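Structure at a glance
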Amino acid sequence: MKKINIAASGYLYDSMDELSDSDKKLMQAAIEATKSSYAPYSNFNVGAALLMEDDTVITGNNQENAAYPSGMCAERVAIWKAGSSFPNKKVKKIAISAISNNKTVDKPVGPCGACRQTLLEYEVNQEEPIEVLFMGEIGKVVKTESITSLLPFSFDSSYL
Ligand code: THU
């Protein structure tokens, strides 16, 4: 037996100001997307913005439901919007931001496990990494080089 270390990895920026102009623009699109989130139950508004291979941007936000489990996260709304409308376009990046009515979100909000798994499917299929950038309402930004680097020991279609 030997110990192995497979860790999530990424880069930490002190603020959005440190991002490249194009990353900042994508993050701004995610922030803008939080404004049309439908989150009357959690009051936690998440926005996601995808940068596609042709440099178009597709956004999504969380959509909640009175039957709570029927709601959906911003990241999956965005990736399914892209996958359903433009199945042949690759995704280069996803930026995620969140704002709450209850408190200041000052920590980077990473995608939930189910969203990581969903995003991985698209990354594996397109055979090119999808960069992930995430932040709260203010403060630090995390950037990872791929979905895979956020999901060690992941499961994909190669097992089937
Ligand atoms: N949420 C997202 O949209 N993305 C995540 O990765 C985490 C959580 C949403 C789901 C729900 O509407 C609210 O945030 C509170 O969990």
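About the criteria used
Residues numbered from 1 in each chain as written. Predicted model: local features only at pLDDT ≥ 70, side-chain atom pairs only at ≥ 80, totals over all residues. Heavy atoms only, no water. Helix = DSSP H or I, 4+ residues; strand = E, 2+ residues; numbered from the N terminus. Expected span 1.5 Å × (residues − 1). Buried < 20%, exposed > 50% of the residue type's maximum accessible area, 1.4 Å probe, protein only. Pairing = 2+ DSSP bridges. Axes fitted to C-alpha atoms, helices over the stretch in contact; angles between N-to-C directions.

Details of helix α2 (residues 74–85)
With 12 residues, α2 extends 16 Å between its outermost C-alpha atoms, agreeing within 8% with the 16 Å of an ideal straight helix rising 1.5 Å per residue. Along α2, the residues classified as buried are Ala74, Glu75, Arg76, Ala78, Ile79 and Ala82.

Comments concerning the sheet that holds strand β1 (residues 11–13)
As summarised here, the arrangement of the 6 strands in space is β1-β6-β5-β4-β2-β3, forming an open sheet in which the pairing is mixed. A single partner strand is all that each edge strand has here, and the edge strands are β1 and β3 (57–61). On average, adjacent strands in this sheet sit at an angle of 15 degrees to one another, irrespective of strand direction. Judged from the 3 bridges that link them, β1 and strand β6 (residues 141–144) form a sheet pairing that is antiparallel. In the strand pairing of β6, leucine 12 is matched with valine 142.

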